[in-house]
Structure formats: C-alpha cells, structure tokens
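Remarks on the overall topology
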Amino acid sequence: MTQIDRADTADTADPAGTAENGQDGADTWRTRIHRAIRSGTRPGPWQRGPVLAALALLLGLLMLLHAEIPNRIGHLGSLVETLLPWFGLLVPVLLAGALWRRSAAAAVALVLPVTVWLNLFGGLLGDKSHPGSDLVVVSHNVDAGNPDPAGTARDLAASGADVLALEELTEQATGTYEKGLAKAYPYHTVQGTVGLWSRLPLSDTRPVDVKMDAGPLADTKPADVKMGYNRGLRTTVATDHGPLAVYVVHLGSVRVVPRTGFSTAQRDAGAQALAAAVAADRNERLVLLGDLNGTLDDRAFAGLTEQLHSAQDTAGAGFGFSWPAKFPVARIDQILVRGVQPRSSWVLPATGSDHLPVAAGITW
C-alpha cells in the first residue's frame, strides 16, 4: 500500500492561491458594503423627481388661478386664457417623465392639473347635441383674401342655414355673395364688412359701433366713411315664435408682439361696447353671431358671457375649434344666445376661408 506523506502535501500547497482567495473574499465584502450604502442612500419613489412634482403643481395652479394672472404686462392673463385648453397637453409629458424617473411624488402631484383641467373642460368632451330645432344659424368669416367667394357662397347656401352671418366682406366680393346667395335667401343686409342673409323677413336693421375707430378724430369722420369699415350690425328676424334680435360682429384683430406682448386693446374695447349694446337691447330673444377674435375663456368677454350662453358649450360636441381652418386650435367664431335654447352646435367643412363656418340649431 502506498502511503501519502501529509507533511509533503502540505508543503506543496500554493501560498499565492490562498492569498488570492482571501483577496476575493475581501472584495466581495467590500462590494456588499458599497451596495448596502448605495441602497440606504438612494432616494425612494417619494423622493425622486422633485422638479417634475413642482412643475405639475405649478401647472395645476396656473390653470386653477388663471383669472388672477394680471393683464397689466402684455395682457399675459388674456394670452394664457386663450391657450388654456392646450395646457392639458403638458400632463402626459409630465406623466411620461414621472414614469421614467419612477417618481411617486410627481405622479401624485399630477392629480391637481388633471382635476382642474377636467373641471374646466371635461364637460366639452361629450356630445350634448339633441335632434330637432326651429331655426338653424350659421356664422362664417369668409376671409377678405378668399380666392373662391363663389364657391364659398355655394357651400354656405347648401348648409341648410335659415340665418347666415358673414364677416370680413370686401367691396369686391360682396356682389359675388349677394348673387350666389340670392336664391336661397330672399332677405339680406350688408353693413360695412358684415352682412346677414335670411330666409325670413328682416327689420329694424342698423349698424353697431364696435369701436373700430375710437381715436380723437373719429367723431369728425363722415358717416359714409365710417360705414366703409363698420364691423357690426343689429337686425330683427321675424320668426313664427316672434321677433328674434340678431347681432353680427367682427371684433378687432389681436397680435402677439415681442415688445408689447398680446395686443388686444381694440378688440377689448369692441367687446365692452358690444356687451353694453346687448345689455341695452330690450328684445327677450337674442342671437349673437360673429368672429370675436378670442375664446370665451378670455376675461375680455366677461361682459358678454354674463348675459349670453355659448351654443357650443351648451349643445356641442368637443371644443368646436374654428381657426385656423387648416389646423384649428381655437374657437374664435362664436354663436351666443339669450332667451332661446341651443339644441345642437357644430363646425362646418372648410371653404376658401382661413376660418371654418360654425353652426347651431336653436329652439324656443
């Protein structure tokens, strides 16, 4: 039998290997310690994404307190209110950031802007229209630069409107509209750059001053000169249910100017004048049609919205954006009512204009 000398075996063991095993063990313990330290100091889901959480809260407060944003500097408040529905698009952006950062704080903070947005605009997401109406009204800014006024007239005549309001009429195009609409609408009136075509008789027609010329020399200008750029009218439509006062208006344009901000002075003056005219109108039933160059979220129209109701808000489906026609982002063309009930409200297909026509069915 062969015997193994244990002493010899022990003498031949590799001391370097023993050292390496010891080093590996030390490295393993160091790694575990480092991992434990990192795990203990790594922010948890409630500590991650503080900037995202702050942005979500600021977004919610911006929408909630939009009426408190001052207009003194560049009409910032009106600009925010004009774009107010679109602030909702920031919610999915912030949500994506919260998910990427795995931030519970940011996700919970988004509850505020979501709740505020739904409170402001959630009612517009459904379809509130109902079938049946006594009168269909349509309003359309036909665009002074419309390349096809004859085609626009044909489209509007086929819309089924009983009362049709047109804004931004030019001297050259007015004859084309009168010719194209004469068969469908035996009654019409044109006052400056706005007009009304009707299947029903009109009476008591007069221009409405929407302060397009409010300078110091305004009172010195002849009436025929002022009428050339008049942008408001009031008439009475004889319906089977009694007289209906109808206003057609085109308020002053607005601009975003780098130096001065959101330029709305002329439009705001017109809105105030129009609100005063509506308040003084004794007719119980009234419809206002036109291009107001602003959304009804804008505080500039508070004087009107306190007296009149939006057909789109009451009986429409969605936001009813009307401008610009190629990619509508705002509803600046309005149908507002008093004393009658909107049954439906919708946007008509595009014509040659940069605005989309808006329509509503109303009943008594």
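My aim in this report is to walk through the structure given alongside it, one point at a time. Since this is a predicted model, take the numbers as computed values, not measurements. Every chain is numbered on its own, with residues counted from 1 as its sequence reads. Predicted model: local features are reported for residues with pLDDT of at least 70 only, side-chain atom pairs are reported and counted for 80 or more only, and whole-chain, interface and lining totals are derived from all residues. Side-chain measures here rest on the full set of heavy atoms in the structure, leaving out hydrogens and waters.

1. Some words on the pairing of strand S7 (residues 242-250)
With eight of nine residues buried, S7 lies mostly within the body of the structure. Strand pairing requires that DSSP identify at least two bridges connecting the strands. In this text, helices come from DSSP runs of H or I with a minimum length of four residues, and strands from runs of E with a minimum of two, each type numbered from the N-terminal end. Taken together, the eight bridges between strand S6 (residues 232-239) and S7 define a ladder with antiparallel strand orientation. Each residue of the ladder has a partner; that of Thr236, found in S7, is Ala245. In this antiparallel pair of consecutive strands, S6 and S7, the connection spans two residues. When a residue's accessible area, from a 1.4 Å probe over protein chains only, is under 20% of the maximum for its type it is buried; when over 50% it is exposed; and in between it is partly exposed.

2. A few points about the packing of aromatic side chains
Centres within 6.5 Å make a pair out of two Phe, Tyr or Trp rings, where for Trp the six-membered ring is used; the pair is then stacked when the planes are under 30 degrees apart, edge-to-face when over 60, and tilted otherwise. Here the structure, examined in full by the defined rule, presents five aromatic pairs. Following the ring pairs from residue to residue traces out a cluster consisting of Trp86, Trp117, Phe121, Phe319 and Phe321.

3. Comments concerning the sheet that holds S7
A sheet is described by the order of its strands in space; here six strands give the open sequence S5-S6-S7-S10-S12-S11, paired in mixed fashion. Of all the strands in the sheet, just strand S5 (202-207) and strand S11 (309-310) have a single pairing partner and so form its edges. Against the sheet, helix H11 (residues 265-280) makes contact with S7, strand S10 (286-291) and strand S12 (333-338), and its axis sits at roughly 175° relative to S7, the strand it touches most. The contact rule is simple, with two residues in contact once any of their heavy atoms fall within 4.5 Å. Working convention: axes come from line fits to C-alpha atoms, limited for helices to the stretch in contact. Angles between N-to-C directions cover 0 to 180 degrees.

4. Thoughts on the pattern of salt bridges
The rule for a salt bridge is simple: a side-chain nitrogen of Lys or Arg has to be within 4 Å of a carboxyl oxygen of Asp or Glu. Across all of its chains, the model carries eight salt bridges by this definition. When the shortest N-O distance is used, the salt bridge between Glu81 and Arg299 registers 3.0 Å. Of this pair, Glu81 sits in helix H4 (residues 76-82) while Arg299 sits in the loop between S10 and helix H12 (302-305); the two residues are 218 residues apart in sequence, bridging distant segments of the chain. Overall, Glu81 belongs to the buried group, its relative accessible area being 2%. Looking at Arg299, the relative accessible area reads 27%, which means it is partly exposed. If you follow the salt bridges from partner to partner, you end up with Asp204, Arg206, Arg234 and Asp281 in one network.

5. Points about the packing of helix H3 (residues 50-64) against helix H7 (residues 111-121)
It is at 7 Å that the axes of H3 and H7 come closest, and there the two elements cross at 25°. The orientation of H3 with respect to H7, classified from their angle, is roughly parallel. Note on packing geometry: the crossing formed by H3 with H7 is left-handed. For the pair H3 and H7, the contacting residues are Ala56, Leu57, Leu59, Gly60, Leu61, Met63 and Leu64 in the first and Leu112, Pro113, Val116, Trp117 and Leu120 in the second. For this classification, under 35 degrees means roughly parallel, over 145 means roughly antiparallel, 65 to 115 means roughly perpendicular, and everything else is oblique. If you view the pair so one helix is near and one far, a crossing is left-handed when the near helix is turned anticlockwise from the far one by less than a right angle, and right-handed when it is turned clockwise.

6. Re a nonpolar patch on the surface
The residues that make up patches have over 30% relative accessible area and no salt bridge, and they are joined within 9 Å when like-charged or within 5 Å when they are Val, Leu, Ile, Met, Phe, Trp or Tyr. Every accessible area reported is derived by Shrake-Rupley at a probe size of 1.4 Å, with residue values counting cover from the shown protein chains alone. Nonpolar side chains collect at one region of the surface, where Val51, Leu55, Leu58, Leu61, Leu64 and Leu65 lie side by side and expose about 550 Å² of accessible area between them. Structurally, Leu55 can be placed in helix H3.

7. Regarding the environment of Val136
Among the secondary structure elements, Val136 is positioned in strand S1 (residues 135-141). Linking Val136 and Pro342, residues 206 residues apart in sequence, is a C-alpha distance of 9.7 Å. When neighbours within four sequence positions are excluded, Val136 is seen to be in contact with Gly160, Ala161, Asp162, Val163, Trp346, Ala360 and Gly361.

8. What to know about the sheet that holds strand S2 (residues 163-167)
Across the sheet, which stays open at both edges, the six strands sit in the order S3-S4-S2-S1-S14-S13 with mixed pairing between neighbours. What marks the edges here is a single partner per strand, and that holds for strand S3 (187-191) and strand S13 (341-347). Looking at each pair of strands side by side, their axes are set apart by 15° on average, direction ignored. Pairing analysis gives five bridges linking S1 to S2, with the strands arranged parallel. Residue pairing for S2: Asn141 is matched across the bridge by Glu167.

Everything listed is a geometric property; what it means functionally is a separate question.
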